[in-house]
Amino acid sequence: MTNSHPRRAPRAVHLGFLALAFASNGTGAAQDPTPPPPHEIGFDAPAPAAAQQLGPIAPYSLRTRGGFESIQVNTNADGLNIVGDAGNEPSLSVDRARPNRLVIGWRQFASISSNFREAGVAYSRDGGHTWTNAGVLGPGEFRTDPVLDVDSSGRFFYHSLFGTALLDCDIFKSVDGGRTWLPPVRAGGGDKNWLVVDRSGGIGDGNVYTIWRADYSCCGWDIFNRSFDAGATFSAPTTVPHNPALATMAVDPDGAVYVAGVNIVNRSQFFVVKSSSARDAAQPIVFEQSAAVAMNGALTFIASGTPNPAGLLGQPWIAVDSSDGPARGTIYMLASVDPVGTDPQNVHFVCSTNGGATWSAPIRVNDDGSTTSWQWFGTLGVAPNGRLDAIWCDTTAGGSVRISELRYSSSSDGGSTWSPSVAVSNPFDSYLGWPNQNKIGDYYQVVSDNVGASVAWSATFSGEQDIYFLRIGEYDCNGNGTADSLDIAQQLSADLNHDGIPDECQCLADLTGDLNVDVADLVRLLGAFGRSNADPAFDPASDPDRDLQTGLSDLAIVLARFGTECP
């Protein structure tokens, strides 16, 4: 295996590519006679540090609707908003074994006066209730298109397009829940990259797979590669039938890899290709199956007059039912598309019950009833119990192409029917805070569990683009399939500090915030021992049970976890 890649056809559009695109993708008139330009183009100089100022986050009333709260992630160390910056294109990953650990990556712009962006990242150790901005990865480096995933052992991977030519990607890895990151490893790649990690439990468990767009990349037609050693090295890239662009990927319960993408010159042509050999280090990568998928519409890509003029309005999201129920192995795909007719954008859904060989007729998920509104950034999640969760931005209520709200719908019957959609955010203006490029990124991300769904998304509640975490449904930070509030009410989980979060999902004994319980925590507690909040020298951090005094109960909490890492 190697992590060096020959550069072929760098940043060029070839007649051969066009011929291949039409020949391999069937008939049908292209929407555009040439591939669209690279999605990520030349960049400005970094914005001066003086452009950053600190301020309060948006009022609570702007960030909540109907009991759904969006928590800002791209704040400073004190939880304050950074005025004048921008964050968009968030990717979310959750450690399935320890679901109190979540990581969000995003494109971080120091100032909207410059399109220079870096690899923003934040982590949560309490199921998403609170977040720590870990700072950008590779400070001072131009980075974009972040995609995150996690393996069965809880190692997080951060895939990033980088550099002046934007023809390569690399991968950062974290073994401590996103708090620190190892140096990046070159992984090949190119524009509109994607990543998925195998958690099937089979021979491919832990494999890392990446894909990217063929016409703006490191390696010509070779657009897919794999790592068998947890991202330490990557194989030489290989071709994929139909050159699926703007792709996402999924791994089924048997470890087969699925890629869903479009013909870049005719984005009404969707394809799903499958490889059963990619999981096996002893076999070459062969995509033995490919299928055209009718979505009754086309992906919208860089179009004026849309809610996101310089970006995508959605990607083809592919996901697999890995439950033990009757739908195990069913393949699902969802995308926001420009449908046949006058309606500018809908969210369409299809599924396959035979391993991607054939696909159902498309179903419209959004229920707005309008033929003039936009349902964009459609995103799909599948829970371990088989429930489907869909979110999208919707302009119906706002009455303007630039005013959207986030809406949610779910399905408990494999996508045959969908629940009435509900608004889970207040309206926001997608035209605010453009960081010298007219878009709010290209995607959101949903990760589903048996109790609810976690969403990483971007909005403009503070008058600028910011990254938010949204929990739909009850929290389940310990991953036992029961709402945290019920665990506490039934005394299945302790809640010594009465904050509504099970103590096993937190680290009450970590008084210094370094995610370890050690001598420093004990020294801090003993220095405050015997004081109450009536004392001006009272240290709230040394009161883990939040009873407004530092005493024996607090000492017991620290001693009980002394010498351990936080969960």
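For the structure, see preceding data.
Quick caveat: nothing in here was measured; it's all calculated off a predicted structure.

## As for the state of the cysteines
Each disulfide consists of one covalent bond between the sulfur atoms belonging to two cysteines.
Part 1 of the reasoning: Taken as a whole and assessed by the stated rule, the structure comprises three disulfides.
Part 2 of the reasoning: Between Cys-477 and Cys-505 runs a disulfide, and the two sulfur atoms are separated by 1.9 Å. Between Cys-477 and Cys-505 the sulfur-sulfur dihedral comes to about 90°; the bridge is accordingly right-handed. In this pair, Cys-477 is assigned in the loop between strand E32 (466-472) and helix H3 (484-489) and Cys-505 in the loop between H3 and helix H4 (519-528), connecting sequence segments 28 residues apart. One exposure class covers both Cys-477 and Cys-505, and it is buried.
Part 3 of the reasoning: Between the sulfur atoms of Cys-507 and its disulfide partner Cys-566 the distance amounts to 2.1 Å. Because the torsion about its S-S bond is -75°, the bridge between Cys-507 and Cys-566 counts as left-handed. You can see Cys-507 sitting in the loop between H3 and H4 and its partner Cys-566 sitting in the segment after helix H5 (552-560), a full 59 residues away along the chain. In this pair, the class of Cys-507 matches that of Cys-566, namely buried.
Part 4 of the reasoning: Take the cysteines of the protein that form disulfides and number them in order along the sequence; they join up as 1-2, 3-4, 5-6.
Part 5 of the reasoning: Residue Cys-169 stays outside any disulfide, its sulfur separated by 7.9 Å from that of Cys-218, the closest cysteine.
Part 6 of the reasoning: With relative accessibility at 0%, the residue Cys-169 sits in the buried group.

## Topic: the pattern of salt bridges
Part 1 of the reasoning: By the definition in use, this model includes 23 salt bridges.
Part 2 of the reasoning: The shortest N-O distance in the salt bridge between Glu-69 and Arg-63 comes to 3.7 Å.
Part 3 of the reasoning: Residue class for Glu-69 comes out partly exposed when judged on its relative accessible area of 29%.
Part 4 of the reasoning: Looking at Arg-63, the relative accessible area reads 9%, which means it is buried.
Part 5 of the reasoning: Asp-149 is the partner of Arg-199 in a salt bridge, and the nearest nitrogen-oxygen pair spans 2.8 Å. With a gap of 50 residues between them, Arg-199 in the loop between strand E13 (194-197) and strand E14 (208-211) and Asp-149 in strand E9 (residues 143-150) connect regions that are remote in the sequence.
Part 6 of the reasoning: On the basis of relative accessibility, which here comes to 30%, the residue Arg-199 falls in the partly exposed class.
Part 7 of the reasoning: The exposure class of Asp-149 is buried, given its relative accessible area of 9%.
Part 8 of the reasoning: Bridged by salt links that share partners, the residues Asp-145, Lys-192, Lys-439 and Asp-442 form one connected network.

What counts, and at which threshold
- All residue numbers refer to position in the chain's written sequence, counted from 1.
- Local features are withheld for residues below a pLDDT of 70 in this predicted model, meaning they are given only at 70 or higher, and side-chain atom pairs are given and counted only at 80 or more; totals for whole chains, interfaces and linings count all residues.
- Derived side-chain values reflect all non-hydrogen atoms in the structure, with water molecules and hydrogen atoms excluded from consideration.
- Disulfides are defined in this document as cysteine sulfur pairs within 2.5 Å.
- Only DSSP runs of H or I with at least four residues qualify as helices, and only runs of E with at least two residues qualify as strands; both kinds are numbered from the N terminus onward.
- Working definition: with a 1.4 Å probe on protein chains only, accessible area under 20% of the residue-type maximum means buried, over 50% means exposed, and in between means partly exposed.
- When a carboxyl oxygen of Asp or Glu is within 4 Å of a side-chain nitrogen of Lys or Arg, the pair counts as a salt bridge.

Note that all results are geometric; they support no functional claim without further evidence.
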